[in-house]
Amino acid sequence: MDNHQKSEMVGIRSHLEMGSLEEERAVLEFEEESLVSPGKTHSREGPNKSLPSPASSQSFCTKCMSNSIFNSIKVVLFSTKINLLVPFGPVAILVDKFADNHGWVFFLSLLGIIPLAERLGYATEQLAFFTGPTVGGLLNATFGNATELIISVYALRNGMIRVVQQSLLGSILSNMLLVLGCAFFSGGLVFSKEQVFSKAAAGVNSGLLLMAVMGLLFPAVLHFTHTEVHFGSSELALSRFSSCIMLVAYAAYLVFQLKSQKNLYVPVDEGGNQSEGDEDEAPEISQWESIIWLTILTMWISILSEYLVDAIEGASVSLKMPVAFISVILLPIVGNAAEHASAIIFAMKDKLDISLGVAIGSSTQISMFGIPFCVVVGWIMGRPMDLNFQLFETATLFMTVIVVAFMLQEGTSNYFKGLMLIFCYLIVAASFFVHIDPTSIADKPSKHH
């Protein structure tokens, strides 16, 4: 009897085990099926579980979109304290309409453009997450210089050719001496060792800058030695020809940098591991949000640039500053706000190759693309914009390129090199403060044509 009961118990247990195994297998099959084809799970759920209605899904999408827009505005406009300067832009427009005080309009426009230039750089960096490092670097340099180019086009339209020449020249000087000097200095203070960067990239950029100096030097020499075939017209023809050559050279440089010699420009890392040193950064706004913000910021900068350019000559009188000093020193400092901040930040993170790309790459782009582009735009507009930047300005640029080329030839940097570059910039700024530009007076009547 006991044996019979035992055998019954064993049978019941084995049936239970078999049942549980079958249930587990069924659950596993169901899970696999739901992973492979999620749509089939609805048939197992029965008629009680219904799909969400189109109205509810639409309201959910609208809510998500509004949250995304709110988050984007919060990140771009309210995440940095420099945006406290944004209201100065509308104030400058109001002062121009009601008070007509050129000094104040210039000063307020200048303050209003600073945060816009910085946010333009930020939006470009966010877009670079989606485009990759090479295209991202190119975008960063391009939109970093957008402020100067917009100001230049408005000044060119008003016939203020010397303001265009001097602001572009000032942008090159500012990037090469002040921005690079501050990056070297701040990086040298944070890191006691010498920082290392790619000599290959620095060498190519130095060569391009010397080519740009050559392009500016010959029209100036031709003018001051009075050796033109046709006085006045030969200088302009040479400038337009040289500008076209410089634009082709810059296009070839982009192809060389982005396609042919990618490995040549790998950032120097003594540890050998580049990816481990980089922080896992993620974009804060989406690709389309970055594009929309770039468009909005560029439009707003172009509006303020128009007021800024119109107020330059009045500001020169009321502030008792030469137009040359305003054009070469003040305008580029505002336009280069984004590059200045990012170059210092990257240098303090020991990413000196990126700092060098921002400072020297930006100078290369202005000298090989920005200046020739303005000559071609002036040609289209019927303005006699040429590459004769006058002797004083051309000599300043030539000496700056030579000094920076010597600083970069070793492929190392320290705080003393940075300090020397900053001191060089102070000497240049003082020189332009006491420099009277005789040709800027001749440009004034052409503004009213």
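Whatever comes next refers back to the structure up there.
Owing to the predicted nature of the structure, the values given are computational and were not obtained by experimental measurement.

1. Some points on the overall build of the protein chain
Argument step 1. On a plain count of helices and strands, the protein chain comes out with 18 helices and two strands.
Argument step 2. For the protein chain, with 449 residues in total, the buried portion stands at 44%.
Argument step 3. Pairs at least 24 residues apart make up 83% of the contacts formed inside the protein chain by residues separated by at least 6 positions.
Argument step 4. Carbon and sulfur atoms make up 67% of the accessible area of the protein chain, which amounts to about 23,600 Å² in all.

2. Here we look at the side chain of S243
Argument step 1. By secondary structure assignment, the location of S243 is in helix α10 (residues 233–260).
Argument step 2. Only 2.7 Å separates the side chain of S243 from the backbone oxygen of S239, close enough to count as a polar contact.
Argument step 3. Excluding anything up to four places from it in sequence, S243 contacts P372, V375 and L387.

3. A look at the packing of aromatic side chains
Argument step 1. Scanning the entire structure with this criterion turns up seven aromatic pairs.
Argument step 2. Relative to F373, the ring of F369 has its centre 5.5 Å away and its plane inclined at 20°; by these criteria the two rings are stacked. Of the two residues, F369 and F373 are both situated in helix α15 (residues 352–381); the distance of four residues between them amounts to about one turn of the helix.
Argument step 3. The exposure class of F373 is partly exposed, given its relative accessible area of 30%.
Argument step 4. Just above the ring of Y122 sits the side chain of R119; from NZ or CZ to the centre is 4.3 Å.

4. A short note on a nonpolar patch on the surface
Argument step 1. A cluster of nonpolar side chains, contributed by M65, I69, I73, L77 and F78, occupies part of the molecular surface with about 510 Å² of accessible area.
Argument step 2. Relative to the helices and strands, F78 is located in helix α3 (residues 54–78).
Argument step 3. Judged by its relative accessible area of 65%, F78 falls in the exposed class.

5. So, the packing of helix α13 (residues 323–335) against helix α17 (residues 415–433)
Argument step 1. Interhelical geometry of α13 versus α17 gives an angle of 140° and a closest axis separation of 7 Å. Between α13 and α17, the residues in contact are A324, F325, V328, I329 and I333 and Y425, A429, F432 and F433, respectively.
Argument step 2. Partitioned by chemical class, the residues of the contact of α13 with α17 number nine nonpolar, no polar and no charged.

6. Examining helix α8 (residues 161–190)
Argument step 1. Its 30 residues place the ends of α8 42 Å apart at the C-alpha level, agreeing with the 44 Å of an ideal helix rising 1.5 Å per residue.
Argument step 2. Roughly 35° is the biggest bend found in α8, and it falls at S174.

7. Considerations on the nonpolar core
Argument step 1. Membership of the largest hydrophobic core comes to 98 residues, with the highest contact counts inside it found for F106, L180 and L408.
Argument step 2. Of the residues forming this core, the biggest block, 15 residues, is contributed by α8.
Argument step 3. Residues in contact with L180, not counting those within four places in the same chain, are N175, L356, A359, I360, V404, L408 and L421.

About the cut-offs
Residues numbered from 1 in each chain as written. Predicted model: local features only at pLDDT ≥ 70, side-chain atom pairs only at ≥ 80, totals over all residues. Heavy atoms only, no water. Helix = DSSP H or I, 4+ residues; strand = E, 2+ residues; numbered from the N terminus. Buried < 20%, exposed > 50% of the residue type's maximum accessible area, 1.4 Å probe, protein only. Contact = heavy atoms within 4.5 Å. Areas by Shrake-Rupley, 256 points an atom, 1.4 Å probe, with all protein chains shown as cover. Polar contact = N/O pair within 3.5 Å; in protein donor to acceptor, adjacent residues only side chain to side chain. Phe/Tyr/Trp six-rings, centres within 6.5 Å; stacked < 30°, edge-to-face > 60°. Lys NZ or Arg CZ within 6 Å of the ring centre and 35° of its normal. Patch = residues over 30% accessible without salt bridge, like charges linked within 9 Å, V, L, I, M, F, W, Y side chains within 5 Å. Salt bridge = Lys/Arg side-chain N within 4 Å of Asp/Glu carboxyl O. Axes fitted to C-alpha atoms, helices over the stretch in contact; angles between N-to-C directions. Nonpolar A, V, L, I, M, F, W, Y, C, P; charged D, E, K, R; others polar. Expected span 1.5 Å × (residues − 1). Bend = angle between axes of the 7 residues up to and from the residue. Core = buried A, V, L, I, M, F, W, Y, C linked by side-chain atoms within 4.5 Å.

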